[in-house]
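Fold and geometry: a report
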Amino acid sequence: MRALVISGGGSKGAFAGGVAQYLLETSHIYDLFVGTSTGSLLIPHLALNKVAKIREIYTSIDQSSIFSSCPFVIKKEKYGIRQIGINHFNVIKNIVKGRKTFGESHNLKKLIIEVFTEEEFNKLKESSIDIVVTVSNLSLNQIEYKSINDCSYTDFCDWIWISCNYTPFMSLAKKGGCEYADGGFGSVVPIEEAINRGATEVDVIVLETEVTHYNRMPSKNPFSLLTSMFAFMVDRIEKQNIRIGKFTAVHNDAIINLYYTPTLLTTNSLIFDKEKMTEWWESGFQYAKQKNIELNEIKGPDA
């Protein structure tokens, strides 16, 4: 069984889309798709082989496509890096209304329902392909994996949305009496889950560089400090997920093929820029193409 795993990474999901496009166009056939956060958004359309459709979505969205109440404003670039500032009006409004987060992401939920139809859901459910999204159950303090085979259309759209909710900047979801948030808070790169579900070869798209080689700009406000802190923690979780995945692969005779971003794409993946995301999609495609050429050269003509 072959699986495609796509990590979390917000706007950097455009790069993952480019990599996945190349893999699908070169006859990589997957029985299982597992995603976290932005990976959860990508995998239903990739499983349907509707690459052009999901590419159009990823290269045309902006902040308003995601946030119904955006908690920050994007400031001009400094030293090539965009900074975020607090949108005091929206944050105060959320606090006054008794909401538990600084921002709300209900526009993203509407977008998911709009672009992923019930007909497409039924087509996937009738196929032999399994689609699994990752969510964090904050109430029970555990990671949960939601398979399309166990869900109704409405529930599965909810889980995709919940998998992407990077609290406290996005919505805190309540479902089944529990509070849920972004799957990346516990499982950024769910390789282990793919292998536990029977995958013997796993292509893994990791939306970070393999080696950290940058210093963050000093924090300018509480939000930039929070994003830096979360990025630090998620980076540690990601590396742990990969180590556990490799360990699990060794003990299950599984093969892992890792696709990292070759360069730093952004230091804030909550900024959705159409031009940059279009560039990232193309760079992901070209990177996967070059990587596979190099792998084939190593294997030789008889591989």
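Heads up: the structure comes first, above all this text.
Residues numbered from 1 in each chain as written. Predicted model: local features only at pLDDT ≥ 70, side-chain atom pairs only at ≥ 80, totals over all residues. Heavy atoms only, no water.

1. Here's the deal with the pattern of salt bridges
As a reminder of what qualifies: Salt bridges are defined as contacts in which a side-chain nitrogen from Lys or Arg sits within 4 Å of a carboxyl oxygen from Asp or Glu. Each helix is a run of DSSP H or I of at least 4 residues and each strand a run of E of at least 2, with the numbering of both proceeding from the N terminus. Buried residues are those whose accessible area, probed at 1.4 Å on protein chains only, stays under 20% of the maximum for their type, while exposed residues exceed 50% and partly exposed ones sit between those limits.
On inspection of all chains with the given rule, the structure shows 14 salt bridges. When the shortest N-O distance is used, the salt bridge between Lys-100 and Glu-179 registers 2.6 Å. Of this pair, Lys-100 sits in the loop between helix H5 (88-96) and helix H6 (106-115) while Glu-179 sits in strand S8 (residues 178-182), and the two are 79 residues apart along the sequence. Given the relative accessible area of 23%, Glu-179 is considered partly exposed.

2. A look at helix H3 (residues 51-58)
Using the following cut-off: The reported arc concerns the directions from the helix axis to the C-beta atoms and nothing else.
Turning to H3, its buried residues are Val-51, Ile-54, Ile-57 and Tyr-58. Axial view of H3: buried residues confined to an arc of 125°, hence all on one face. Exposed residues on H3 whose side chains face more than 90 degrees from its buried face are Ala-52 and Glu-56.

3. Observations regarding the pairing of strand S6 (residues 142-147)
For clarity, the threshold we go by: For two strands to be treated as a pair, DSSP must find at least two bridges joining them.
Examined bridge by bridge, strand S5 (residues 130-137) and S6 share six bridges and lie antiparallel to one another. Bridge assignment links Ser-136 to a residue of S6, and that residue is Ile-143. Following S5, the chain reverses through four residues before pairing antiparallel with S6; Asn-141 in that reversal takes a positive phi of roughly 55°.

4. A word on H5
Turning to H5, its buried residues are Asn-90, Val-91 and Asn-94. The arc enclosing the buried residues of H5, seen along the axis, measures out at 100°, which places them on a common side. Seen from the buried face of H5, the exposed residues on the opposite side, beyond 90 degrees, are His-88, Phe-89, Ile-95 and Val-96. A positive phi of about 80° marks Gly-98, the residue just after H5.

5. Structural notes on the packing of helix H1 (residues 13-25) against helix H2 (residues 38-47)
Operational definition: An axis is simply a line fitted to the C-alpha atoms; with a helix, the fit covers only the stretch in contact. Between two such axes, the angle follows the N-to-C directions and lies from 0 to 180 degrees. Convention used here: angles under 35 degrees read as roughly parallel, angles over 145 as roughly antiparallel, angles from 65 to 115 as roughly perpendicular, and any remaining angle as oblique. In a left-handed crossing the near helix is turned counterclockwise from the far helix by less than a right angle, and in a right-handed crossing that turn is clockwise. Two residues qualify as a contact provided that any one of their heavy atoms is within 4.5 Å of a heavy atom in the partner residue.
H2 packs onto H1 with a crossing angle of 30° between their chain directions and a minimal axis gap of 10 Å. In terms of their interaxial angle, H1 and H2 are classed as roughly parallel. In this structure, H1 crosses over H2, and the sense of that crossing is right-handed. Across the interface between the two elements, Gly-13, Ala-16, Gly-17, Ala-20 and Leu-24 of H1 pack against Thr-38, Leu-42 and Leu-46 of H2.

6. Focus: the state of the cysteines
How we decide: In what follows, a disulfide is any cysteine sulfur pair within 2.5 Å.
Counted under the stated rule, the structure contains zero disulfides. Of the cysteine sulfurs around Cys-70, a residue in no disulfide, the closest is that of Cys-164, at 16 Å. What makes Cys-70 buried here is its relative accessible area of 15%. With no disulfide of its own, Cys-151 lies 9.9 Å from the sulfur of Cys-157, the closest cysteine sulfur. Residue Cys-151 is classed as buried on the basis of its relative accessible area of 7%.

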